[in-house]
Amino acid sequence: MPIQAKLLFSELLKHNVRCDKGIYHGPVTNPWMYLPAHRIFGLISRPSNLRVLREVWRLDQVKGFNDQEVYVKGLCSSTDDQTLDRFPTLMNANVFNRRGQRIGQIADFFFEIKNGNIEYYLVSRTNPLIPGTSRWRLSISQITDKQPGSISCDIDTFEDLTLHK
């Protein structure tokens, strides 16, 4: 299937990675992000539940996907969980309003698959892993500060955001 121009990262989390040699590389587990530019560089897969090895794929290695698999071309970089824990990410980061009160957490983001630019984040009031949890669209222009694990925004409540359907 040809690559869509834009998609939610959660769509990739439902897929397994398979390379051009037909080798299974496990499920997609996390994004590889560059926080200062609100950009995704690639994705991380877990080839085995029994080993701590993780594989990092650049976004330009993604050549297509279907309902179950992401197809990549080329070699990945192998690493371990301890190294990946040091990679900065905004997934599941706490979201704070302009008064410094925690109002939710980042549940997902919408990005361009060709260049990795994130267009907006989706914020959840409660645990984003619970099915049916409402999501609100947080534009990058509303973010005043970001650190790994937290985002400060120029909003007061979720009523300042658009509900994502």
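Residues numbered from 1 in each chain as written. Predicted model: local features only at pLDDT ≥ 70, side-chain atom pairs only at ≥ 80, totals over all residues. Heavy atoms only, no water.

Looking at the overall build of the chain
Here comes step 1: For the chain, the helix and strand inventory stands at two helices and 15 strands.
Here comes step 2: For 165 residues, the compact-globule estimate of 2.2 N^0.38 gives 15 Å, and the chain sits close to it at 16 Å.
Here comes step 3: For the chain, the C-alpha atoms occupy an extent of roughly 50 × 35 × 30 Å along the three principal directions.
Here comes step 4: Residue pairs in contact within the chain that sit at least 24 positions apart in sequence constitute 47% of those at least 6 positions apart.
Here comes step 5: As displayed, the chain has an accessible area near 9,000 Å², and 49% of this comes from carbon and sulfur atoms. (Helix = DSSP H or I, 4+ residues; strand = E, 2+ residues; numbered from the N terminus. Rg over C-alpha atoms; globule rule 2.2 N^0.38 Å. Contact = heavy atoms within 4.5 Å. Areas by Shrake-Rupley, 256 points an atom, 1.4 Å probe, with all protein chains shown as cover.)

Quick word on the packing of aromatic side chains
Here comes step 1: In the structure shown here, the tally under the stated rule is nine aromatic pairs.
Here comes step 2: Seen in terms of ring centroids, Trp-32 and Phe-41 are 5.4 Å apart; in terms of plane orientation they differ by 75 degrees. Their pairing is edge-to-face.
Here comes step 3: Every member of this aromatic cluster is reached through a ring pair, and the members are Phe-9, Phe-109, Phe-111 and Tyr-121.
Here comes step 4: The residue whose ring lies beneath Arg-137 is Tyr-120, and the NZ or CZ to ring-centre distance is 4.2 Å. (Phe/Tyr/Trp six-rings, centres within 6.5 Å; stacked < 30°, edge-to-face > 60°. Lys NZ or Arg CZ within 6 Å of the ring centre and 35° of its normal.)

Some thoughts on the nonpolar core
Here comes step 1: Core analysis: the largest hydrophobic core is formed by 36 residues, its most contacted members being Phe-109, Phe-111, Tyr-121 and Leu-138.
Here comes step 2: Here this core gets four residues from one element, more than from any other, and that element is strand β10 (residues 102–112).
Here comes step 3: Those residues within four positions of Phe-109 in sequence are excluded, and the remaining contacts are Leu-7, Leu-8, Phe-9, Pro-31, Met-33, Ile-40, Met-91, Ile-118, Tyr-120, Tyr-121 and Leu-122. (Core = buried A, V, L, I, M, F, W, Y, C linked by side-chain atoms within 4.5 Å. Buried < 20%, exposed > 50% of the residue type's maximum accessible area, 1.4 Å probe, protein only.)

Some remarks on the sheet that holds strand β4 (residues 39–45)
Here comes step 1: Read across the open sheet, the seven strands follow the order β6-β7-β2-β3-β4-β5-β8; overall the sheet is mixed. The sheet is open, and its two borders are formed by β6 (62–65) and β8 (77–80), each paired with just one other strand. Here the strands of the sheet are splayed against their neighbours by 40 degrees on average, with no regard to which way each runs.
Here comes step 2: Both strand β2 (residues 16–19) and strand β3 (residues 24–34) contribute to a ladder of two bridges, which runs antiparallel. Within the sheet, the bridge partner assigned to Asn-16 lies in β3 and is Pro-27. (Pairing = 2+ DSSP bridges. Axes fitted to C-alpha atoms, helices over the stretch in contact; angles between N-to-C directions.)

As for the side chain of Gln-142
Here comes step 1: Relative to the helices and strands, Gln-142 is located in the loop between β12 (135–139) and β13 (143–147).
Here comes step 2: Residues in contact with Gln-142, not counting those within four places in the same chain, are Arg-137, Ser-152, Cys-153, Asp-154, Ile-155, Asp-160 and Leu-161.

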